[in-house]
Amino acid sequence: MSRGTLALTIHGPSLPLSLADDLRQAGFTVQRFSTIEEVAAEAISNAFDVVLASLDLNLEQHRTAAGVVAQASPGTPLIAIAGRSSTKDIVETLLAGAVDVLEWPVSTPVLC
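Novice: I'm lost on the nonpolar core in this one. Help?
Specialist: Across soluble globular proteins, nonpolar side chains have a tendency to be buried as a group. If you look at the biggest cluster of nonpolar residues, it comprises 15 residues, and the most contacted ones within it are Ala 7, Ile 36, Val 39, Phe 48, Val 51 and Leu 78. Secondary structure elements with two or more residues in this core: helix H2 (36-45), strand E3 (50-54), helix H3 (59-72) and strand E4 (78-82). When near neighbours in sequence (up to four residues on either side) are disregarded, Phe 48 contacts Thr 5, Leu 6, Ala 7, Gln 31, Phe 33, Val 39, Glu 42, Ala 43 and Thr 76. By size, the runner-up hydrophobic cluster in this structure holds 14 residues, among which are Leu 19, Ala 20, Leu 52 and Trp 104.

Below you can see the structure in the form of structure tokens.
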């Protein structure tokens with residue numbers, strides 16, 4: 001039985017892929033996408049419990065992603081995962097609709 005369905009956007013292969021594997025082992029169903037637009041298109045017909053957005057290291061993309069997900073699937077939480085971010089970037093991302101901003105490396109227990 002799945003603990004929930006997660007949409008994971010991936011930019012770059014290594015850390016997000018290992019995170020996806022770890023989340024699957026923890027009992028989650030994980031669907032991987034390359035862009036937030038793919039997530040939004042899928043979210044219209046299939047609900048996700050949460051969207052994990054690992055989009056390059058650019059929080060501008062996370063702010064855009066939060067808005068796209070909020071419009072396509074109101075109520076679906078988006079957690080931004082970034083490499084480096086300033087306090088200003090984090091606040092702007094949260095104001096755009098993300099429920100949290102985590103920094104790499106992210107461990108599975110943090111998300112569970």
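More follows now that the structure is in view.
Novice: Explanation requested: the pattern of salt bridges in the structure shown.
Specialist: For side chains bearing opposite charge, pairing can occur when the charged atoms are close. Per the stated rule, a full pass over the model turns up 2 salt bridges. One salt bridge in this structure joins Asp 21 and Arg 24, with 3.5 Å as the shortest N-O distance. Here Asp 21 pairs with Arg 24, and both are found in helix H1 (residues 14-25), just 3 residues apart, close to one helical turn.

Novice: What exactly am I supposed to notice about the environment of Thr 9 here?
Specialist: Here Thr 9 shows up in strand E1 (residues 5-10). For Thr 9, a relative accessible area of 0% puts it in the buried group.

What counts, and where the lines are drawn
- Residues numbered from 1 in each chain as written.
- Predicted model: local features only at pLDDT ≥ 70, side-chain atom pairs only at ≥ 80, totals over all residues.
- Heavy atoms only, no water.
- Core = buried A, V, L, I, M, F, W, Y, C linked by side-chain atoms within 4.5 Å.
- Buried < 20%, exposed > 50% of the residue type's maximum accessible area, 1.4 Å probe, protein only.
- Helix = DSSP H or I, 4+ residues; strand = E, 2+ residues; numbered from the N terminus.
- Contact = heavy atoms within 4.5 Å.
- Salt bridge = Lys/Arg side-chain N within 4 Å of Asp/Glu carboxyl O.

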